[in-house]
Amino acid sequence: MEKKEIRIGMIGYQFMGKAHSHAYRDVPFFFDTKAKPVLKAIAGRNEEALKEAAEKMGWESYETDWKKLIERDDIDVIDIVTPNDSHAEIAIAAAEAGKHIIIEKPLALNVEEAKRMYDAVKRNNVIHMVCYTYRFVPAVQYVKQLIDGGRLGRIYHFRANYLQDFIMDPNFPLIWRLKKEIAGSGSLGDIGAHSIDLARYLLGELEEVSAMTETFIKERPVGEMTGGLRARTSSNEMGKVTVDDAVAFLARFKSGAIGTFEATRFAGGNRNKNKFEINGEKGSVRWDMENMNNLDVYFADDEEGMQGFRTINCTEELHPYAGAYWSAGHIIGYEHTFIHLIYEFINGVVENRNPVPNFEDGLKNQAVLAAIEKSAEDKSWEHIPSYLPESLMN
Ligand code: SOE
């Protein structure tokens, strides 16, 4: 029997567009998906670049107006990979048109937008997902299994650093990621949000936070992105950086565990060092995205004299998703996290159930981001407000 098809329309086609396009193409190759994604059309403003991207990434057609894409009745899913300031408008329009939605993180510019987006997907009964991709690393999923299975016992500490350095040069241009009105926030929403998602996924909700932020370079030459995280200066003019370059915060979890977090784009030498360590009464784990297939584990009941961290390679068949690829030890990479996420999304659409993380997670994450910003501004401890019914906040 022919597999059901799910027809995708993607808005945006740069860095994340490439990661998503690749995932749609590869997912049926490795996984037994419940439907086959069809790359119907992409949308963007620059026709020449759009045409080239569509050809290169394998999309059937393109639209220079995203509204046209949403109107098309040969599209089931709208995939949003645009800068953050357009997320709310596009997602709400897509939900009103009855399209299922997959969207890049952070969900929105602020909590108010995130709430409207959440309401729109609920009201229109569409499937929704937010791309917090690091949850989908097999080693991270294995940590979740260890915690849920009680292997680490009561959890005391979650310690996360997300370290990058791509904007350290003061001449690196003022790209959209450095403008509050387009990005919402800086290191906080771009990379700190990933650590918050991992923390929520692994340990549950945060109760309160106390934060500080800093913008080290306050003005930069005007410029634009050229692909990936590369950029070029486009004029001699200087413009104001309106987001944080770095953030550090303390958190208390509802479970009683405490968290220490740092997210910065000024950690020279660290290109994409997304890492965490968790300490529990029966053991500890530590993980680092730059070595993503490995997991350091320590178990307090290891034989005396043999105790300490040891490294396991999470590519055995029993490690989540890993069995779909190669034999153990034949490692996978960054792009595979998107394949896993899209696998869950496609199956969610076919089975009419929401995968996680979805807009509810996006909104809860946004609530943490807002509390961190307020705490840094007021030099206060901030409680994370419950924007959702109490039943959904636990
Ligand atoms: C840039 O900091 C970036 O591409 C983020 O936007 C992504 O979410 C992260 O996964 C890698 O770094």
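Residues numbered from 1 in each chain as written. Predicted model: local features only at pLDDT ≥ 70, side-chain atom pairs only at ≥ 80, totals over all residues. Heavy atoms only, no water.

Explanation requested: the overall build of the protein in the structure shown.
Check the secondary structure of the protein and you find eleven helices and 17 strands. For a compact globule of 394 residues, the expected C-alpha radius of gyration is about 21 Å, and the protein comes in at 21 Å, within 12% of that figure. For the protein, the spread of C-alpha atoms along the principal axes amounts to about 65 × 60 × 40 Å. In the protein, once contacts between residues fewer than 6 apart in sequence are set aside, the share between residues at least 24 apart is 70%. Summed over all atoms, the accessible surface of the protein reaches about 17,300 Å², with 47% contributed by carbon and sulfur. (Helix = DSSP H or I, 4+ residues; strand = E, 2+ residues; numbered from the N terminus. Rg over C-alpha atoms; globule rule 2.2 N^0.38 Å. Contact = heavy atoms within 4.5 Å. Areas by Shrake-Rupley, 256 points an atom, 1.4 Å probe, with all protein chains shown as cover.)

Would you mind going over the environment of Ile103 with me for this structure?
Within the element layout of this structure, Ile103 appears in strand β5 (residues 100-103). Taking relative accessible area as the criterion, Ile103 reaches 0% and is therefore assigned buried. With 193 residues separating them in the primary sequence, Ile103 and Asp296 have C-alpha atoms 31 Å apart. Leaving out residues up to four positions away in the same chain, Ile103 has contacts with Ile80, His87, Ala91, Met117, Met129, Val130, Cys131 and Phe359. (Buried < 20%, exposed > 50% of the residue type's maximum accessible area, 1.4 Å probe, protein only.)

So what exactly am I meant to see when it comes to the pattern of salt bridges here?
Here the idea is simple: oppositely charged side chains can pair when their charged atoms come close. Following the criterion strictly, the structure yields 33 salt bridges and no others. Between Lys273 and Asp288 there is a salt bridge, and its shortest N-O distance comes to 2.5 Å. Placement of Lys273 in strand β13 (residues 273-280) and of Asp288 in strand β14 (residues 283-288) is noted, with a sequence separation of 15 residues between them. By relative accessible area, Asp288 is classed as buried at 18%. Here Asp296 ties to Arg286 by a salt bridge, and the two come within 2.9 Å at their closest N and O atoms. Of this pair, Asp296 sits in strand β15 (residues 294-299) while Arg286 is found in strand β14, placing the two residues ten residues apart along the sequence. (Salt bridge = Lys/Arg side-chain N within 4 Å of Asp/Glu carboxyl O.)

When you look at the site of the ligand in this model, what are you seeing that I'm missing?
Near the ligand, the surroundings consist of 13 residues, among which Lys105, Tyr134, Gln164, Asp190 and His194 are the closest. Contact between the ligand and Asp190: an oxygen atom at 2.5 Å from a side-chain N or O atom of the residue. Within the side chain of His194, one N or O atom sits 2.7 Å away from an oxygen atom of the ligand. Take the shell around the ligand: its biggest share by element is three residues, from helix α8 (residues 187-203). Within the shell around the ligand, the residues separate by chemical class into seven nonpolar, three polar and three charged. (Near = heavy atom within 4 Å. Polar contact = N/O pair within 3.5 Å; in protein donor to acceptor, adjacent residues only side chain to side chain. Nonpolar A, V, L, I, M, F, W, Y, C, P; charged D, E, K, R; others polar.)

What am I meant to see in the pairing of strand β11 (residues 246-253) here?
For a regular strand, side chains alternate in direction, first toward one face of the sheet and then toward the other. Note: strand β8 (residues 206-214) against β11, eight bridges, orientation antiparallel. Considered in β11, the bridge of Glu208 is made with Arg252. The pairing of β11 with strand β12 (residues 258-264) spans seven bridges and is antiparallel. Residue pairing across strands places Ala246 opposite Thr264, the latter belonging to β12. (Pairing = 2+ DSSP bridges.)

Which parts of the structure should I look at to understand the environment of Asp197?
Inspection of the secondary structure assignment puts Asp197 in helix α8. By relative accessible area, which is 1% here, Asp197 ends up buried. As a C-alpha pair, Asp197 and Asp65 span 132 residues in sequence and 32 Å in three-dimensional space. Those residues in contact with Asp197 that sit more than four places away from it in its chain are Tyr132, Arg135, Pro357 and Asn365.

Quick question: what am I supposed to make of the packing of helix α5 (residues 111-123) against helix α10 (residues 359-378) here?
For any two helices packed against each other, one specifies the inter-axial angle together with the distance between the axes. Interaxial distance between α5 and α10 falls to 9 Å at its minimum, and their mutual angle equals 170°. The orientation of α5 relative to α10 falls into the category roughly antiparallel. Considering only the axes of α5 and α10, their crossing is left-handed. In this structure, α5 contributes Val111, Ala114, Lys115, Met117, Tyr118 and Val121 to the contact, and α10 contributes Phe359, Glu360, Leu363, Gln366, Ala367 and Ala370. Residues belonging to the contact of α5 with α10 are distributed by class as follows: nine nonpolar, one polar and two charged. (Axes fitted to C-alpha atoms, helices over the stretch in contact; angles between N-to-C directions. Parallel < 35°, antiparallel > 145°, perpendicular 65-115°, else oblique. Left-handed = near helix turned anticlockwise from the far one by under 90°.)

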